[in-house]
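Fold and geometry: a report
Listed below are the residues making up each chain.
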Amino acid sequence: MGRTRTFDAGEVVEAARGVFWDLGFAEASVPELERATGLNRSSLYQAFGSKRGLFDAAVESYLDEVFRPRLAPLRAVAVEPGALEDYLSGLREAMIDHPSARAANGCLLLAAAGGPLGQDAALQGIVTQYYAELRAAVAAGVAARHPRLGPARSGALTTSCTSFVLSAMALVRADPAAAGEMLDAALDAVRAIR
């Protein structure tokens, strides 16, 4: 009979997520993951199968606890006209103006995709889904803010805002000022249309 699990898997995943977010998948060593989670290698591998299994759980946690909640107002049945501006301002606040240690690292998923794991088909699928969710949320925000905008202009604004957000998330660790400029440009683009 197997031993009863004596730890909270959610807390372990959250601690590991922090390590992966700070260091990246390749640089996150198992000893570092052991220190952060309080579990030994055997327990981590028993619970998650491998370092990669723990990373996959951390990515799901990131999507469910960080990414999707921030998009929730843009994914509502009735999106408020100011929801996109609130989202962009909130990102700027979280990543630039008053950043937490993690938010100052940008996007966990984009950082992973830029490393060796970027060639992994499973991660590529997750990134593709991430982009689709972000773009759909931005499109809903554009439609709520500018309901009379035609499809071509709406699509162009959606593409621009989505691109600015992704650029900011990719830049913030190395150049926070440039990341702030990207988010400001997105806000300006949304506000400029009359």
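Owing to the predicted nature of the structure, the values given are computational and were not obtained by experimental measurement.

What follows deals with the UniProt feature "DNA-binding region" (unreviewed entry) in the protein. Under the UniProt annotation, "DNA-binding region" (unreviewed entry) lies at residues 29–48. Here residues 29–48 runs as 80% helix and 0% strand, with 15 Å between its end C-alpha atoms.

The residues that UniProt annotates with the feature "domain: HTH tetR-type" (unreviewed entry) are residues 6–66. Measuring from the first to the last C-alpha atom of residues 6–66 gives 26 Å, for a span that is 77% helix and 0% strand.

Moving on: the state of the cysteines. Tallying each qualifying case throughout the model produces zero disulfides. Cys107 takes part in no disulfide bond, and the closest cysteine sulfur to it belongs to Cys161, at a distance of 17 Å. According to the relative accessible area criterion, Cys161 is buried, its value standing at 0%.

This brings us to the nonpolar core. Of all hydrophobic cores here, the largest spans 57 residues; its most connected members are Phe20, Leu84, Tyr87 and Leu109. Of all elements in the fold, only helix H1 (9–23), helix H3 (41–48), helix H4 (51–71), helix H5 (83–97), helix H6 (108–113), helix H7 (121–145), helix H8 (151–171) and helix H9 (176–192) reach the threshold of two or more residues within this core.

Cut-offs applied
- Residues numbered from 1 in each chain as written.
- Predicted model: local features only at pLDDT ≥ 70, side-chain atom pairs only at ≥ 80, totals over all residues.
- Heavy atoms only, no water.
- UniProt positions renumbered as here; feature names shortened; annotations may be inferred.
- Helix = DSSP H or I, 4+ residues; strand = E, 2+ residues; numbered from the N terminus.
- Disulfide = S-S within 2.5 Å.
- Buried < 20%, exposed > 50% of the residue type's maximum accessible area, 1.4 Å probe, protein only.
- Core = buried A, V, L, I, M, F, W, Y, C linked by side-chain atoms within 4.5 Å.

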